[in-house]
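# Coordinate analysis (summary)
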Amino acid sequence: KGRVPRSVFFILFFLLCLFLLRLYVVESLHISTDAMETTLHKGDFVLVNKLSDAPERRDIVLFTSPLRRDSLTSPMLISRCVGIPGDTIQVNAGSFLVNGEEYPNSPHALNTYLIAPEGEKLFLELIKKLQIPLRDKKTVQSGISLTLTSFEEYQLREELPDSLQAMLRIRPVPSYRFVIPQKERAYRLDSLSLLACREAILNETDGKAGIRDGKLYIEGKLTHFFFFQQDYYWFLSDNRTDAVDSRHIGVVPKEHLMGKLFFCWFSRDKNKRFKRL
């Protein structure tokens, strides 16, 4: 009398194991953004390995925002690891260099391109001929803008005569260079690297640091170096037009990493179902 039935005990034990497995080992995740288009689609279901080691370059990682204003909500983000602790990142218009070597674009990576007005008709005809989706088409001062994958750009350029190649160009972005912080290493900081590491420094100093006119002050004293207490990573999404990644939130500390995406078990794109990432 009063004893818990054995079947109930086993159900509770199973649910506890399932909860611990999901919390610490493997979790199924529903993709709710288009940050990794077209590698992963919004609505896809993937598995996340929470026991994985530190990410390597090109891993797709789940992490929480390191921004202090996001500390209460802690939004989860998905992006591709481009730089690991100690790497030097160079950001240019349309290209990224890691330790002096050009980072190879994923053929699925989306970028915004500008097309000159005089080439608009021809480009739209080619896009239709090649069955390329017409994404985010907008009229701008310099012609039209739209988003293409790296492979789609390659397809278009293969069809274009040399005289028209210059009519298709990637949207320019500001250039900058910095070193990704590594645990227990001191780094010299200039105004550009301060932009990438601002949140990391403010978090590590508990708000005692201040940045004014491109210079770092700690407890009111000007300093040109900072000794980091954590390893950091730099992330770049495949959809570089609309996604939030390290270009917006800066470097991401190791403690904010939640796991690596390693398997897509359902997708509206049949070619991506049951695929290892």
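Our subject is the structure listed above.
About the criteria used
- Residues numbered from 1 in each chain as written.
- Predicted model: local features only at pLDDT ≥ 70, side-chain atom pairs only at ≥ 80, totals over all residues.
- Heavy atoms only, no water.
- Buried < 20%, exposed > 50% of the residue type's maximum accessible area, 1.4 Å probe, protein only.
- Helix = DSSP H or I, 4+ residues; strand = E, 2+ residues; numbered from the N terminus.
- Arc of directions from axis to C-beta.
- Contact = heavy atoms within 4.5 Å.
- Salt bridge = Lys/Arg side-chain N within 4 Å of Asp/Glu carboxyl O.
- Core = buried A, V, L, I, M, F, W, Y, C linked by side-chain atoms within 4.5 Å.

### With respect to helix H2 (residues 120–129)
When H2 is considered as a whole, its buried residues turn out to be Phe 123, Leu 126 and Ile 127. One side of H2 carries all its buried residues, which in axial view fall inside an arc of 100 degrees. The exposed set on the far side of H2, more than 90 degrees from its buried face, consists of Lys 121, Lys 128 and Lys 129. In this structure, the buried side of H2 is in contact with strand E8 (110–115), strand E10 (143–149), helix H3 (150–159) and strand E11 (168–170). Immediately beyond the C-terminal end of H2, within one or two residues, lies Gln 131, with a positive phi of roughly 60 degrees.

### Quick notes on the pattern of salt bridges
One pass over the full model with this rule turns up nine salt bridges. One salt bridge connects Asp 59 with Lys 260, and the closest N-O pair in it is separated by 3.3 Å. Placement of the pair is Asp 59 in the loop between strand E2 (45–49) and strand E3 (60–64) and Lys 260 in strand E20 (residues 257–266), with a sequence separation of 201 residues. For the pair shown, Asp 59 and Lys 260 are each scored as buried. Here Lys 129 and Glu 159 are joined by a salt bridge, their closest N and O atoms 3.2 Å apart. With Lys 129 in helix H2 and Glu 159 in helix H3, this residue pair connects regions lying 30 residues apart in the sequence.

### Details of the side chain of Thr 64
When you line up the elements, Thr 64 lands in strand E3. Relative accessible area serves as the criterion here: at 14%, Thr 64 is assigned to the buried category.

### Brief notes about the nonpolar core
Grouped together as the largest cluster of nonpolar side chains are 25 residues, with contacts concentrated most on Ile 89, Phe 178, Ile 201, Phe 228 and Trp 234. When residues of this core are traced back to their parent elements, those giving at least two are strand E5 (88–92), strand E6 (95–98), strand E12 (176–179), helix H4 (191–204), strand E17 (225–228) and strand E18 (232–236). Of all the elements, H4 adds the most residues to this core, at six residues. Membership of the second largest hydrophobic core comes to 15 residues, among which are Ile 115, Leu 126, Leu 148 and Met 167.

### Points about the environment of Ala 186
Counting through the fold element by element, Ala 186 comes out in strand E13 (residues 185–188). Separated by 41 residues in sequence, Ala 186 and Phe 227 place their C-alpha atoms 4.0 Å apart. With residues up to four places along the chain from it excluded, the contact list for Ala 186 reads Phe 226 and Phe 227.

Purely spatial values, then, with no claim about function.
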